[in-house]
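Examination of the molecular architecture
Spelled out, the chains give:
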Amino acid sequence: MSDPTDQPSWQSLKSLAADTADQSLLDLFAADGERAARYSVAAAGVTLDYSKQRIDDTVRSALLSLAEEQGVPQAREDMFAGRAINTSEDRAAWHVALRAPHGAPMYDEVHEIRRAMAEFAAQVRNGSWVGFNGQSITDVVNIGIGGSDLGPRLICEALADGSGPRAHFVANVDPADLDDTLAGLDPASTLVIVTSKSFGTAETLANARVARQWLVDAGAAEADIAKHFVAVSTNAEAVSEFGIERMFGFWDWVGGRYSLWSAVGLSILIAVGPETFETLLGGAHAMDTHFREAPLDQNLPVMLGLAGIWNNNFLGLTSHCVVPYAQRLASLPAFLQQLEMESNGKSVTREGEPATVATVPTIWGSVGTNAQHAYFQMLHQGELAVDLDFVLPLSGPDAASDPRERERVANCIAQAEALMCGRDSAELEAELKAQGLEGEALQHRLAARRFDGNRPSNMLVLENLDAHHVGALIAAYEHKVFVQGIIWNINSFDQWGVELGKTMAGQLVGELSGEGESVEHDGSTAALVARVRRAWQG
Ligand code: F6P
């Protein structure tokens with residue numbers, strides 16, 4: 001791993017980007033009848049079709065050389081071997097060990113905790129775990145934020161089957177989040193899972209304290225708290241200080257945004273059952289094996305990462321939109337925002353030097369078809385060019401008879417096609433003329449409807465929206481992020497950038513209430529502090 005710009009392939013890619021700036025995707029398809037197949041890779045029931053990327057054979061081979069030259073294969077081995085690849089914190093990033101089968105490193109420890117989780121989840125699901133007045137659990141509230149929220153939230157939404165208690169997720173410290181959630185629940189039949197790797201996150205602890213009081217106010221004695229409160233953490237001491245008896249642990253080598261496969265997934269086990277959780281892990285493991293073993297050019301996460309590098313670093317597309325065409329994957333963009341931007345939103349190299357290349361682009365998006373009626377206008381005709389990932393889970397013949405299902409799938413495919421093909425000007429002109437338009441009016445309409453196309457996208461097709469395929473999809477994105485981090489020569493596994501704001505908020509909490517010490521602020525912050533204090537003094 002070193003400065004990517006020193007690699008010969010980086011220089012070739014730069015000139016290829018200049019040469020192919022105007023390369024038409026439709027011309028690439030016209031020249032190669034096999035393009036869709038030759039620019040697709042499949043693994044674990046997920047297919048990545050990157051044929052609508054402005055990539056030809058020469059570009060692809062230069063991108064693959066870049067991956068080799070930057071040491072992706074060796075780095076990948078280091079990750080799978082559990083070496084301390086998170087150098088700024090001197091620890092491994094070993095989430096793959098969480099989904100590895102019997103005999104793998106850490107198997108015993110990982111499985112011991114998972115057995116305990118499965119046993120607990122089974123008791124909650126079969127009604128034998130009861131609350132303070134003998135009622136079974138009907139609702140589970142996961143209190144956590146960031147990686148202690150987004151992963152389990154996404155999976156519970158994706159796989160919800162009604163087989164267990166309802167799962168709720170509270171992340172925001174805005175009182176409305178917890179208060180609105182608890183308002184609809186019966187304390188006697190509610191289980192709270194406080195999920196925090198550090199058990200020091202202010203928002204999570206503030207919400208957990210309020211939830212605890214809610215139980216006490218409803219009649220739970222101190223001794224009953226254990227029936228309604230469990231923790232998921234790596235910090236046993238802080239958990240016990242907080243007064244929670246039962247903790248499901250994990251390890252510092254599990255990064256927050258990579259943690260849904262660990263005890264952080266407890267809400268998943270309770271909502272959909274331990275077997276489904278195992279299937280989820282199995283899907284992720286199938287993708288891990290593929291990532292570890294497949295040649296780079298046939299490697300789905302590698303090609304996903306390289307397509308992103310080409311767009312971001314060479315074509316200047318610094319905005320990346322993810323649109324899952326599945327309501328149950330509505331939280332995927334938010335999950336990927338943390339996964340990609342917290343991992344690769346860095347400007348310092350692994351050696352502590354300023355990064356020499358652009359790192360993660362802006363990641364955003366929302367669910368289709370809704371997104372089409374919000375910002376797709378900009379994607380088709382806006383000045384800022386954006387590249388997209390469409391995520392399309394397929395369904396079986398039963399669903400295909402539902403007209404809404406046909407709309408869902410057709411719209412996804414149509415949007416990718418429209419972005420690439422644009423609108424043929426001659427055809428449009430003929431159509432407008434046939435409507436009787438001519439002269440200036442015709443030119444005006446033509447200009448407004450101009451639709452150049454040639455906008456790149458990936459299509460990720462899942463054979464099914466089930467635990468196996470969702471597990472495989474998430475693992476593919478994790479490895480994409482890894483590949484890109486290695487190529488950019490940054491550490492994808494720390495997040496020092498979030499610390500400063502946390503410290504400042506801690507200081508301001510006291511200052512705003514008038515209880516803490518005042519410190520000197522810039523003019524804007526000082527004015528805001530004064531304004532809030534006036535509002536709070538009534
Ligand atoms: O905000 C940064 C962060 O540390 C994330 O990396 C993490 O997922 C989240 O906060 C929550 O942290 P914890 O699980 O320790 O409460």
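The following refers to the structure shown. (Residues numbered from 1 in each chain as written. Predicted model: local features only at pLDDT ≥ 70, side-chain atom pairs only at ≥ 80, totals over all residues. Heavy atoms only, no water.)

**Description of the overall build of the chain**
- Secondary structure assignment for the chain yields 23 helices and eleven strands.
- Taken over C-alpha atoms, the radius of gyration comes to 25 Å for the chain, in line with the 24 Å a tight globule of 538 residues would show.
- Dimensions of the chain, computed from C-alpha atoms along their principal axes, come out at roughly 80 × 60 × 60 Å.
- At a minimum sequence separation of 6, the contacts of the chain that also span at least 24 residues come to 74%.
- Of the roughly 22900 Å² of accessible surface on the chain, 51% is carried by carbon and sulfur atoms.
- Computed over 39 positive and 71 negative side-chain charges, the inter-centroid distance for the chain is 3 Å. (Helix = DSSP H or I, 4+ residues; strand = E, 2+ residues; numbered from the N terminus. Rg over C-alpha atoms; globule rule 2.2 N^0.38 Å. Contact = heavy atoms within 4.5 Å. Areas by Shrake-Rupley, 256 points an atom, 1.4 Å probe, with all protein chains shown as cover. Lys, Arg positive; Asp, Glu negative; His and termini not counted. Charge placed at Lys NZ, Arg CZ, Asp CG, Glu CD.)

**As for the site of the ligand**
- Of all residues adjacent to the ligand, which total 14 residues, the nearest are Ser148, Ser196, Ser198, Thr201 and Glu342.
- Within the contact set of the ligand, an oxygen atom lies 2.7 Å away from a backbone nitrogen or oxygen of Gly147.
- One of the side-chain nitrogen or oxygen atoms of Ser198 is found 2.6 Å away from an oxygen atom of the ligand.
- Bound to the protein, the ligand loses 87% of the 400 Å² it would expose on its own.
- Looking at the shell around the ligand residue by residue, the class counts come to two nonpolar, nine polar and three charged. (Near = heavy atom within 4 Å. Polar contact = N/O pair within 3.5 Å; in protein donor to acceptor, adjacent residues only side chain to side chain. Nonpolar A, V, L, I, M, F, W, Y, C, P; charged D, E, K, R; others polar.)

**Structural notes on helix α22 (residues 499-513)**
- The end-to-end C-alpha separation of α22 is 22 Å, in line with the 21 Å expected for 15 residues at 1.5 Å each.
- Among the residues making up α22, those that are buried are Gly510, Glu511 and Leu512.
- Looking at the packing, one finds that the buried side of α22 touches α23 (523-537).
- Note on α22: the residue one or two positions beyond its end, Gly514, has a positive phi of about 85°. (Expected span 1.5 Å × (residues − 1). Buried < 20%, exposed > 50% of the residue type's maximum accessible area, 1.4 Å probe, protein only.)

**A word on unusual backbone geometry**
- A cis geometry characterises the amide bond from Gly368 onward to Thr369, with omega recorded as 10°.
- Structurally, Thr369 can be placed in the loop between β9 (362-365) and α16 (376-381).
- Positive phi values are uncommon outside glycine, yet Asp90 reaches one of about 50°.
- Within the fold, Asp90 resides in the loop between α5 (72-80) and α6 (107-126).
- Positive phi, normally seen in glycine, also occurs at Phe199, with a value near 55°.
- Given the relative accessible area of 4%, Phe199 is considered buried.

**Thoughts on the pattern of salt bridges**
- Following the criterion strictly, the structure yields 24 salt bridges and no others.
- Residues Arg83 and Asp78 are paired through a salt bridge, measuring 2.5 Å at the closest nitrogen-oxygen approach.
- Judged by its relative accessible area of 44%, Arg83 falls in the partly exposed class.
- Its salt-bridge partner being Arg404, residue Asp402 comes within 2.7 Å of it at the nearest N-O pair. (Salt bridge = Lys/Arg side-chain N within 4 Å of Asp/Glu carboxyl O.)

**Overview of the state of the cysteines**
- By the definition in use, this model includes zero disulfides.
- Cys321 takes part in no disulfide bond, and the closest cysteine sulfur, belonging to Cys412, lies 12 Å away.
- You can call Cys321 buried: its relative accessible area is 0%.
- Since its relative accessible area comes to 0%, Cys412 is described here as buried. (Disulfide = S-S within 2.5 Å.)

**Quick word on the sheet that holds strand β10 (residues 387-393)**
- Here we have six strands laid out as an open sheet, ordered β1-β2-β11-β10-β8-β9, and mixed in their pairing. Across the chains shown, the open sheet's two edge strands, defined by having one partner strand only, are β1 (40-43) and β9. Looking at each pair of strands side by side, their axes are set apart by 15° on average, direction ignored.
- By the bridge criterion, five bridges tie strand β8 (residues 319-324) to β10 in an arrangement that is parallel. (Pairing = 2+ DSSP bridges. Axes fitted to C-alpha atoms, helices over the stretch in contact; angles between N-to-C directions.)

**Regarding the sheet that holds strand β5 (residues 190-195)**
- If you walk across this open sheet you meet the five strands as β4-β3-β5-β6-β7, and the pairing is parallel. What marks the edges here is a single partner per strand, and that holds for β4 (166-170) and β7 (247-249). Here the strands of the sheet are splayed against their neighbours by 20° on average, with no regard to which way each runs.
- Set on the sheet, helix α8 (residues 175-183) makes contact with β3 (139-143) and β4; between it and β4 the angle comes to about 160°.

**What to know about the packing of helix α7 (residues 150-159) against helix α21 (residues 467-488)**
- Where α7 meets α21, the axes come as close as 10 Å, and the angle between the chain directions of the two elements is 150°. In terms of orientation, α7 and α21 fall into the roughly antiparallel class. Our pair here, α7 against α21, has a crossing hand that is right-handed. Seen from α7, the contacting residues are Leu154, Ile155, Ala158 and Leu159; seen from α21, they are Ala467, Val470 and Ile474.
- In the contact of α7 with α21, the residues fall into seven nonpolar, no polar and no charged. (Parallel < 35°, antiparallel > 145°, perpendicular 65-115°, else oblique. Left-handed = near helix turned anticlockwise from the far one by under 90°.)

**A short note on the environment of Val481**
- Topologically, Val481 is positioned in helix α21.
- For Val481, a relative accessible area of 1% puts it in the buried group.
- Measuring from C-alpha to C-alpha, the distance between Val481 and Glu342 comes to 10 Å, with 139 residues separating the pair along the chain.
- Setting aside its immediate chain neighbours within four residues, Val481 contacts Tyr258, Leu339, Glu340, Ser343, Asn344 and Ser492.

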